[in-house]
Amino acid sequence: MRAIVSHRYGPPEVLQCEDVGTPTPADGEVLLAVRAASLNPADRLFEAQWPVLRLITGLRRPKDPRVGHDVAGEVVAVGRSVTRFAPGDAVFGVCRGAFAEYACAAESALVDKPREVTFEEAAAAPVAGLTALQGLRDKARLRPGAEVLINGAAGGVGTFAVQIAKALGRRVTGVCSARNVELVRSIGADRVIDYTRQDFTRDARRYDVVLDCVGNRPLTACRRVLTPRGRCVLVGAAPRLSSVVARMLAALALSPLSSRKLVPFVARVRAADLATLRDLMASGVVRPVIGRRYALPEAPAAFRELDTKHARGKIVLTVP
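These notes cover the structure that comes with them. Predicted model, so just to flag it, every value in this text is computed and none were measured. (Residues numbered from 1 in each chain as written. Predicted model: local features only at pLDDT ≥ 70, side-chain atom pairs only at ≥ 80, totals over all residues. Heavy atoms only, no water.)

Before going further, it helps to examine helix α8 (residues 271-282). With 12 residues, α8 extends 16 Å from end C-alpha to end C-alpha; this agrees with the ideal 16 Å at 1.5 Å per step. For α8, the set of buried residues is D273, L274, A275, L277, L280 and M281. Buried residues in α8 make contact with β5 (90-94), β7 (110-112), α2 (119-124), α3 (126-139) and α4 (156-167). Phi for G284, located one or two positions after α8, is positive at around 85°. (Helix = DSSP H or I, 4+ residues; strand = E, 2+ residues; numbered from the N terminus. Expected span 1.5 Å × (residues − 1). Buried < 20%, exposed > 50% of the residue type's maximum accessible area, 1.4 Å probe, protein only. Contact = heavy atoms within 4.5 Å.)

This part is about the pattern of salt bridges. Under the counting rule described, the total for this entry stands at 24 salt bridges. Between R80 and D27 there is a salt bridge, with its nearest N and O atoms 3.3 Å apart. Of this pair, R80 sits in the loop between β4 (70-78) and β5 while D27 sits in the loop between β2 (16-19) and β3 (29-38), and the two are 53 residues apart along the sequence. By relative accessible area, which is 76% here, R80 ends up exposed. The shortest N-O distance in the salt bridge between R143 and D208 comes to 3.3 Å. Linking R143 in the loop between α3 and β8 (147-151) with D208 in strand β11 (residues 207-212), this pair joins segments that are 65 residues apart in sequence. (Salt bridge = Lys/Arg side-chain N within 4 Å of Asp/Glu carboxyl O.)

The interhelical angle for the contact between α3 and α8, taken along N-to-C directions, is 100°, at an axis separation of 10 Å. Classified by the angle their axes make, α3 and α8 are roughly perpendicular. Residue-level contacts link P126, G129, L130, L133, Q134 and R137 of α3 to D273, L274, T276 and L277 of α8. Split by residue class, the contact of α3 with α8 holds five nonpolar, three polar and two charged. (Axes fitted to C-alpha atoms, helices over the stretch in contact; angles between N-to-C directions. Parallel < 35°, antiparallel > 145°, perpendicular 65-115°, else oblique. Nonpolar A, V, L, I, M, F, W, Y, C, P; charged D, E, K, R; others polar.)

In space, the six strands of this open sheet follow the order β10-β9-β8-β11-β12-β13, with parallel pairing throughout. Unpaired on one side and paired on the other, β10 (191-194) and β13 (261-264) mark the two borders of the sheet. The sheet shows a mean angle of 15° between the axes of neighbouring strands, direction not considered. Pairing between β8 and β11: four bridges, direction parallel. Looking at the pairing, L149 lines up with V210 of β11. (Pairing = 2+ DSSP bridges.)

The next point concerns the nonpolar core. Counting residues in hydrophobic clusters, the biggest one holds 51 residues, and the most contacted among them are F92, L136, I150, I164 and L211. Elements supplying a minimum of two residues to this core: α2, α3, β8, α4, β9 (171-176), α5 (181-186), β11 and α8. Here the element with the most residues in this core is α4; it accounts for six residues. Ignoring any residue separated from it by four or fewer positions in sequence, one finds I150 in contact with L136, G158, A161, V162, V172, T173, G174, V175, L211 and C213. Formed by 31 residues, the second largest nonpolar core is a distinct cluster that contains I4, V67, L110 and L296. (Core = buried A, V, L, I, M, F, W, Y, C linked by side-chain atoms within 4.5 Å.)

Spelled out as C-alpha cells, the structure:
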C-alpha cells in the first residue's frame, strides 16, 4: 500500500509517499481502507522543532515514520475483541498513520459515519471538532446567555467552534481576515470582526468566553476583554511548539492572579464526544468547512499551506 512517511526530521519536503506493508489489526483494532484524512498542527511532529520532543519521537530520526491522525474510511477487517464494527462499515475517528491507503485504529477511537456526511467531511471532524466541543462545553463552562468570541473563526477549530457555540444557544462573535468574513457569517456568527481593521482586544465589548484558536494576541490583552468571571480557553497553535508550550505555561502562571481565567487545553479522544459530533453533523447543525483538497502524494504541499496559518477550514487528503 501507499503511505506518507518521514524517515528524517525537517520541513514538509521530508515527507515521502512510499509503498509499505499493509498493517494488521490487533485485538481491539480495526483495519480501515482510508478514504480521506485531514491535517492538524499536531501532525507536524516530523519537523521536531523543539529538541526536547525528540526524547519522545526519536533522537536522530522519527521512531515511527507514520503521519496523520484524522481518518475516515471503510472497515476491512477487525481484531478478535472488536464488537461494534464489521467489514463494510463506514467510520471516522482518530488513528496513527492516517495518511495511507490502509490504517489501523482502536475501536474506541471510531464511530459510525452518517450517510448524510461525506468521507471528506467526516475526516475533517475528529481533532478540530473535539477541540471545539470540549473547549467550549467543558473548559469554557458556558452559561446560558454567554457572549462567546472565537479568535481564528475561519480555521479548522474555529469553524467548528462557531457552529457548536450556536448549537449550544450562545451569541457568537468571530474574528477572522477580510476574505473570510462572509464565510464566518454564513456558518452562524452573529458578529464578525475583521482583524486587519480592528483589534478585538482593544474593543470596549466584554465576553464571557474567548476561545483562542490562533495565539496571536498577548495573554494579558485576551484577559482584558473578559467579563469579571470570564474564561479564555487556549487551543491555538503557534509557529513553533516551544511557543505553544511557553504560552500555556504563562497562562498557568497568570490565571490564579485574577478571577478572569486563562485555561490551556488539549483535546482528548472520547468515543462519546465523537458520537456527539456525528449526531451534530447528521442533523445538519454542524457542517465541516473544507478549504482545500489534496491527493495523498501531495501531502508536502498540503502541509506548506497549513504552515501559512491562513488556511480556510480544514485541509483534507483524499485517497482513491
